[in-house]
Amino acid sequence: MTQKLDPPLRALLTRIAARHPSTKLPFLVTLAPGEKVAGLVPPLPFAPTLEVDSIRLAAGEMTARQALDLAAHAQVERIEHDGRAEALEALADRD
């Protein structure tokens, strides 16, 4: 089974959550089969900037902590950062 957050991304998000708790980052969220954004309980922690029901995808911005918490929900299949990994590395290491 694929992990909801890849281990390197989880580690980066943990560091970002500790150092920059209010910084919002762009993410792609793939919902579990049969789920739709409108039916999620609890709802996503962001207002989607893009929803594609046919592939169960929602895009939007949330904090690193929100992404880590969202990964625990059964209605979520996968969370990916919508951007460059180098930018995450730089943010995680910035004071």
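Here, the structure is the one placed above.
Conventions used here
Residues numbered from 1 in each chain as written. Predicted model: local features only at pLDDT ≥ 70, side-chain atom pairs only at ≥ 80, totals over all residues. Heavy atoms only, no water. Pairing = 2+ DSSP bridges. Helix = DSSP H or I, 4+ residues; strand = E, 2+ residues; numbered from the N terminus. Axes fitted to C-alpha atoms, helices over the stretch in contact; angles between N-to-C directions. Buried < 20%, exposed > 50% of the residue type's maximum accessible area, 1.4 Å probe, protein only.

Student: Report on the sheet that holds strand β1 (residues 24-31), specifying residues and quantitative values.
Tutor: The strand order β2-β3-β1-β4 describes an open sheet built from four strands, whose pairing is antiparallel. Sheet topology places β2 (50-52) and β4 (76-81) at the edges, where each strand pairs with a single neighbour. Adjacent strand axes in the sheet meet at a mean angle of 30°, parallel and antiparallel pairs treated alike.

Student: I'd like a description of the pairing of strand β3 (residues 57-63), backed by residues and values.
Tutor: Counting buried residues along β3, six of its seven residues qualify, which places the element largely inside the surrounding structure. Pairing geometry for β2 and β3, over three bridges, is antiparallel. Bridging across to β3, V52 finds its partner in L57.

Don't take any of this as a statement about function, it's just geometry.
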